[in-house]
Amino acid sequence: MTEQTTLAPLSSLSPAELEDFLETQRTAYAELRGHGLKLDLTRGKPSAEQLDLCNELLELPEGFTDAHGTDTRNYGGLSGLPELRTMFADLLWVEPEQVVAGGNSSLTMMHDCLVQLLLHGGPDSPRPWSQEESVKFICPVPGYDRHFTMLASYGIEMLSVPMNDDGPDVQAVLELVKDPAVKGIWIVPTYANPSGGTCSQEVASALASMETAAPDFRIFWDNAYAFHHLTEDEAKSADIITLASGSGHPNRPLMFASTSKITFAGAGVAFLAAARANVDWYLGHQQYASIGPDKVNQLRHIQFFGSADGVREHMARHRDILAPKFAAVDAALESALAGREVANWSKPSGGYFVNLDVLDGTASRVVELAKAAGISLTPAGASFPKGLDPRDRNIRLAPSFPVLAEVETAMAGVATCVLLAAAEKLSGVQG
């Protein structure tokens, strides 16, 4: 075959050429299975090399008293250590009094906020959400599966809207919020999971200023990847809290962040940032669940980073580890799939994921083929509410955890599975 034939769209091949191509991919897939691989691209976990960057934390803190004289080994301080709140207020573009430094999980903070809204309502709720006839949430797709499963666990109806490169489809959102039962929206604003897009200032402003939304409509602004840059051209998060305050809806956004992919994933610090009324609301309910967070852990983070610039410098070291893996994903897909017109994929400049869209109706087959070849992928459709991708085309790739050589091997295998599934589909062959 000539190079031009190799790069031709599969849909342009004659039946005989397509049959030859299918046999070639079957042979390549058989070879892939013969390697006995055991590789995992399922979740965006930090690698051991990234975790090693933080081993100094295990030797900290030096002493147990913070800069204000607080003995961090004891009870109290529900809002977290002031110095850490000030450090992350700088990073999140808010004021220290707008920040709560909590335990190790921002997902737990999101869950707490959702439950308290259901049980009690927010500062501007006419009644607890659980007393409404129904509660609905807007879910940009593709999105973060844990957001969706949280809503599903409480029977909250999920309304999908497209997630574009600059954030959620504003017009679709504006239409949906006319229904007063629509109480919130999930957004991963910076290097979105899994698309890698970043919510623009214009889209954030439109969401912050919506006049037709319910008075207690909440933007769950999960800024999980705000500092997770893959290039020196660092995306800047939209200043949602200032935008909302300026538009007369100060309580609308609830921002979340954490050090889970900055220091130790299971032993970091999570943050809530919001208008002061929301902070008081959150702590007012949290006082019945906690007498204070792990301040010893917060102190070791203060000493480890030293300042907001210390966080930024630390993240540059993460970038040095992660960037080659994302480049390997792109290189493998480009080499095997460019020109074939059976897949599109994101080229993120930050975050932890690559969004892969394959030929309609083949994502589940790709995941099945990969699993049989020893390559674990996130289930097809996981980035949609209830795991249902109506086009069966979306796959989330998570290359952070394996070492670079394993990423290269796994992605060459994934490309083979994409081509085989596509050839089967176009040939009318049952996999």
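Here the structure is a predicted model, which means the values were calculated and not measured. (Residues numbered from 1 in each chain as written. Predicted model: local features only at pLDDT ≥ 70, side-chain atom pairs only at ≥ 80, totals over all residues. Heavy atoms only, no water.)

(A) Expanded view of the pattern of salt bridges. Overall, the coordinates contain 19 salt bridges when judged by the stated rule. Within the structure, one salt-bridge network assembled from shared partners comprises Arg127, Glu132, Lys183 and Asp216. (Salt bridge = Lys/Arg side-chain N within 4 Å of Asp/Glu carboxyl O.)

(B) Expanded view of the sheet that holds strand β13 (residues 394–397). Ordered in space as β10-β11-β13, the three strands form an open sheet in which the pairing is antiparallel. Both edges of this open sheet fall to β10 (343–345) and β13, since each of them pairs with a single strand only. The average undirected angle you get between the axes of adjacent strands in this sheet is 20 degrees. Pairing geometry for β10 and strand β11 (residues 354–358), over three bridges, is antiparallel. Its bridge partner being in β11, Ala343 is matched across the sheet by Val358. Contacts from helix α12 (residues 308–337) reach β10, β11 and β13, with the element oriented near 160 degrees to β10. (Pairing = 2+ DSSP bridges. Helix = DSSP H or I, 4+ residues; strand = E, 2+ residues; numbered from the N terminus. Axes fitted to C-alpha atoms, helices over the stretch in contact; angles between N-to-C directions. Contact = heavy atoms within 4.5 Å.)

(C) Seen up close, the packing of aromatic side chains. Considering all chains together, one arrives at eleven aromatic pairs under this definition. With a centroid separation of 6.3 Å and an interplanar angle of 65 degrees, the aromatic rings of Phe88 and Phe227 are classed as edge-to-face. Highlighted residues: Phe88 in helix α4 (residues 82–92) and Phe227 in the loop between β7 (218–222) and α9 (240–246), separated in sequence by 139 residues. Taken as a pair, Phe88 and Phe227 share a single burial class, namely buried. Among the aromatic residues, ring-to-ring pairing joins Phe88, Phe227, Phe271, Phe304 and Phe305 into one connected group. (Phe/Tyr/Trp six-rings, centres within 6.5 Å; stacked < 30°, edge-to-face > 60°. Buried < 20%, exposed > 50% of the residue type's maximum accessible area, 1.4 Å probe, protein only.)

(D) View of the state of the cysteines. Enumeration according to the criterion identifies zero disulfides in this entry. Sulfur of Cys113: no disulfide; nearest cysteine sulfur belongs to Cys139 and is 17 Å away. (Disulfide = S-S within 2.5 Å.)

(E) Representation of helix α11 (residues 295–305). The buried count for α11 comes to nine of eleven residues, which makes it a mostly enclosed element. For α11, every residue scored as buried is listed here: Lys295, Val296, Asn297, Gln298, Leu299, His301, Ile302, Phe304 and Phe305. The N-capping residue of α11, defined by a side-chain oxygen 3.2 Å from the backbone nitrogen of Val296, is Asp294. Looking one or two residues beyond α11, the residue adopting positive phi is Gly306, at roughly 80 degrees. (Polar contact = N/O pair within 3.5 Å; in protein donor to acceptor, adjacent residues only side chain to side chain.)

(F) Quick look at the environment of Leu41. Along the chain, Leu41 turns up in strand β1 (residues 39–41). Sequence separation between Leu41 and Leu53 is twelve residues, and the spatial gap between their C-alpha atoms is 22 Å. Not counting residues up to four positions away in its chain, the partners in contact with Leu41 are Ser376, Leu377, Thr378, Arg396, Leu397, Ala398, Pro399, Pro402, Ala410, Met411 and Val414.

(G) Spotlight on the sheet that holds strand β8 (residues 253–258). If you trace the eight strands from one edge of the open sheet to the other, you get β2-β9-β8-β7-β6-β3-β4-β5, paired in mixed fashion. Two strands bound the open sheet, and with one partner strand each, they are β2 (99–101) and β5 (167–168). Pairing analysis gives six bridges linking strand β3 (residues 136–141) to strand β4 (residues 157–164), with the strands arranged parallel. Directly across from Val141, in β4, lies its bridge partner Pro162. Lying over the sheet, helix α6 (residues 145–153) contacts β3, β4, β6 (182–187) and β7, oriented at roughly 160 degrees with respect to β3. Contacts from helix α10 (residues 276–286) reach β2, β7, β8 and β9 (270–273), with the element oriented near 30 degrees to β2.

All we've got here are geometric facts, nothing functional implied.
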